[in-house]
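# Residue-level structure breakdown
Listed here are the chains, written in short residue letters.
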Amino acid sequence: MDNNYLAELLFGDIRTTPEDMFAKYPARTLPDKAAVTRFAPSPTGFMHIGGLYAALISMCMARQSDGVFYLRLEDTDKKREIEHGADEIITSLAQYGVCFDEGAAADGEPEKGSYGPYRQSMRKEIYQTFAKDLVKRGLAYPCFCSAKELDEIRKAQEAEKADMGYYGSYAKCRNLSIEEIEANIKAGKEYVLRLRSDGNAENKITCRDLIRGNIEMPENIMDVVLLKSDGIPTYHFAHVVDDFLMGTTHVIRGDEWISSYPLHEQLFRASGLKMPKYAHIAPIMKLDGGENKKRKLSKRKDPEASVSFYSKAGFPVQSVLEYLMTIANSNYEEWRMKNPDADMSQFKFKLEKMPVSGALFDMDKLASVSRDVISKMSEE
Ligand code: GLU
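No experiment lies behind these values; they were computed from the predicted model shown. Sequence positions are assigned chain by chain, starting from 1 and proceeding in written order. Restriction of local features to residues with pLDDT of at least 70 applies here, the model being predicted, together with a cutoff of 80 or more for giving and counting side-chain atom pairs; totals for whole chains, interfaces and linings are based on all residues. Side-chain numbers here rest on the full set of heavy atoms in the structure, without hydrogens or water.

### Quick notes on helix α9 (residues 261-271)
For α9, the buried fraction is high: 10 of the 11 residues fall into the buried class. In this scheme, a residue with accessible area under 20% of its type's maximum is buried, one over 50% is exposed, and one in between is partly exposed, where area comes from a 1.4 Å probe on protein chains only. Numbered from the N terminus, helices here are DSSP runs of H or I no shorter than four residues, and strands are runs of E no shorter than two. Among all positions of α9, only Y261, P262, L263, H264, E265, Q266, L267, F268, A270 and S271 are buried. Just downstream of α9 lies G272, where phi reads positive at about 70°.

Quick look at the structure:
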């Protein structure tokens, strides 16, 4: 297969190369220990308390190391997006003192920083530049499977009690000839771009998580979708390209992404990009029907999942922040007792002191923290 020919066939209009991108977005010049962190929400318009928690931690990491904290809008899923969803996020975070050094701005406002655009929907050419390069090197291929064909693969896997997914001999489009690909394209068939995984499930890789320590997982074997049929990247591919080009040093994200780590490791390697460090944070949980029944705070079921709940319920901003810090680092409370009047930013936050299993959100505890905060306020 002539990969250069295939790359031109798929991405004929892309004239830029990864090198052009490296030149346009040079490595940041910051002190050695400076952390570059980000908050990367989908602009759904809903600000979850867990989002504030993650953003607060990411901000602490950047601030205490004289680094950079930026906002990236992961707006590649148009179905989930709502109008002014970004404004909602920016405003509610600002209310809690979470402000960005650079990144996406409210609708109609200019972005700050030279690593943008910071809205993924505006970075199509950047992703396609890296996608084209993968195709050139034989590491990605177009897949024309219809929903029906994917369903047939699924049924076959069920019948054979095989692992689900698009991989190995089940990956029908992995070995299409260039003639077949051209014919499909000429016929106007839609396609996605998939990674040609070189993984072997027998091999293990290690995620050196800054909160949980080393986690061993099997290599990724799935030929995961990198670009959807509209040429827009999936989270996996966009994350790799963006976090590299934007100079992120620490990816601090929810632990639902741990299982994708082997894929991300493989994608960084395939793209020849240096990986950031990772910290996967445990979600905020609540007890539901019994001592041991913990579940994540749900946007649908729990009013307290929304950041807007707290101001409506009368909790001052500072109380919520103080409480989130006590969840984030168990030594925060002790520090606060010794330093009753210090600004929160004086506390030396440590990722490795974060809880590894879901911390319980405790309303009584929040009320008690809040009592202390309010007692220090002036009468006005
Ligand atoms: N948009 C992703 C999410 O909201 C971001 C995860 C990340 O921080 O990398 O889950």
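### Regarding the packing of helix α1 (residues 3-11) against helix α7 (residues 178-186)
It is at 11 Å that the axes of α1 and α7 come closest, and there the two elements cross at 10°. One finds that α1 runs roughly parallel with respect to α7. Along its contact with α1, which presents Y5, L6, L9 and L10, the element α7 presents I178, I181, E182 and I185. In the scheme used here, Gly and all other residues not listed as nonpolar or charged are polar, with Ala, Val, Leu, Ile, Met, Phe, Trp, Tyr, Cys and Pro taken as nonpolar and Asp, Glu, Lys and Arg as charged. The residue inventory of the contact of α1 with α7, partitioned by class, reads 7 nonpolar, no polar and 1 charged. Structural elements are reduced to axes, namely lines fitted to C-alpha atoms, with helices fitted over the stretch in contact, and the angle between N-to-C directions of any two is expressed from 0 to 180 degrees. In these notes the angle categories are as follows: under 35 degrees is roughly parallel, over 145 is roughly antiparallel, 65 to 115 is roughly perpendicular, and the rest is oblique. Throughout, a residue-residue contact means that at least one pair of heavy atoms, one from each residue, lies within 4.5 Å.

### Some remarks on the site of the ligand
By convention in these notes, a residue is near a molecule or strand provided one of its non-hydrogen atoms lies within 4 Å of it. By nearness alone, every residue bordering the ligand is listed as R38, A40, S42, E74, Y235, R253 and W257. Here an oxygen atom of the ligand and a side-chain polar atom of R38 are 2.7 Å apart. Here a polar contact is taken to be a pair of N or O atoms separated by no more than 3.5 Å, where protein atoms must pair a possible hydrogen donor with a possible acceptor and residues adjacent in sequence count only if both atoms sit in side chains. One nitrogen or oxygen atom from the side chain of W257 is found 3.2 Å from an oxygen atom belonging to the ligand. For accessible areas, the Shrake-Rupley method is used with a probe of radius 1.4 Å. Any residue's cover is judged against the shown protein chains and nothing else. A total of 300 Å² of accessible area belongs to the ligand in isolation, and the protein chains cover 79% of it. Grid spacing is 1 Å over the protein atoms alone, the probe is 1.4 Å, and a cavity is where that probe fits but cannot get out, while a pocket is an open set with protein on both sides within 12 Å along at least five of seven lines and lining residues have an atom within 4 Å of a point. Placement in a cavity or pocket follows one criterion, namely that more than half of the molecule's atoms lie within 2 Å of its grid points. In this structure the site holding the ligand corresponds to the largest pocket. Broken down by class, the residue content of the shell around the ligand amounts to 3 nonpolar, 1 polar and 3 charged.

### Observations regarding the sheet that holds strand β2 (residues 68-71)
One requirement defines pairing of two strands: DSSP has to find at least two bridges between them. Strand order in the open sheet formed by 3 strands is β1-β2-β3, and the pairing between neighbours is parallel. Strands with a single pairing partner mark the edges of an open sheet, and in this sheet they are β1 (36-39) and β3 (102-103). Two strands pair when backbone bridges link them, and β2 and β3 are joined in this way by 2 bridges, in the parallel orientation. Its bridge partner being in β3, L71 is matched across the sheet by G103. On top of the sheet, helix α3 (residues 49-63) reaches β1 and β2; it is set at about 160° to β1, its chief contact.

### Observations concerning the sheet that holds strand β11 (residues 284-287)
In spatial order, the strands read β12-β11-β13; together these 3 strands make up an open sheet with mixed pairing. Either end of the sheet is taken by a strand with one partner, and the two such strands are β12 (294-296) and β13 (359-360).

### Examining the layout of surface pockets
Grid points are joined across faces, edges and corners, and a volume is the space filled by probe spheres set on the points. As a volume, the largest pocket reaches approximately 1,100 Å³. Surrounding the largest pocket, 35 residues form its lining, P41, S42, G51, E256 and W257 being those nearest its centre. For the lining of the largest pocket, the elements supplying multiple residues, two or more each, are β1, α3 and β9 (250-254). At 4 residues, α3 tops the list of elements feeding residues into the lining of the largest pocket. Residues belonging to the lining of the largest pocket are distributed by class as follows: 16 nonpolar, 9 polar and 10 charged. The space that makes up the second largest pocket amounts to roughly 690 Å³. Lining the second largest pocket are 30 residues, and of these Q318, E322, Y332, R336 and M344 sit closest to its centre. Elements that contribute at least two residues to the lining of the second largest pocket include exactly α3, α11 (317-328), α12 (332-338) and α13 (363-375).

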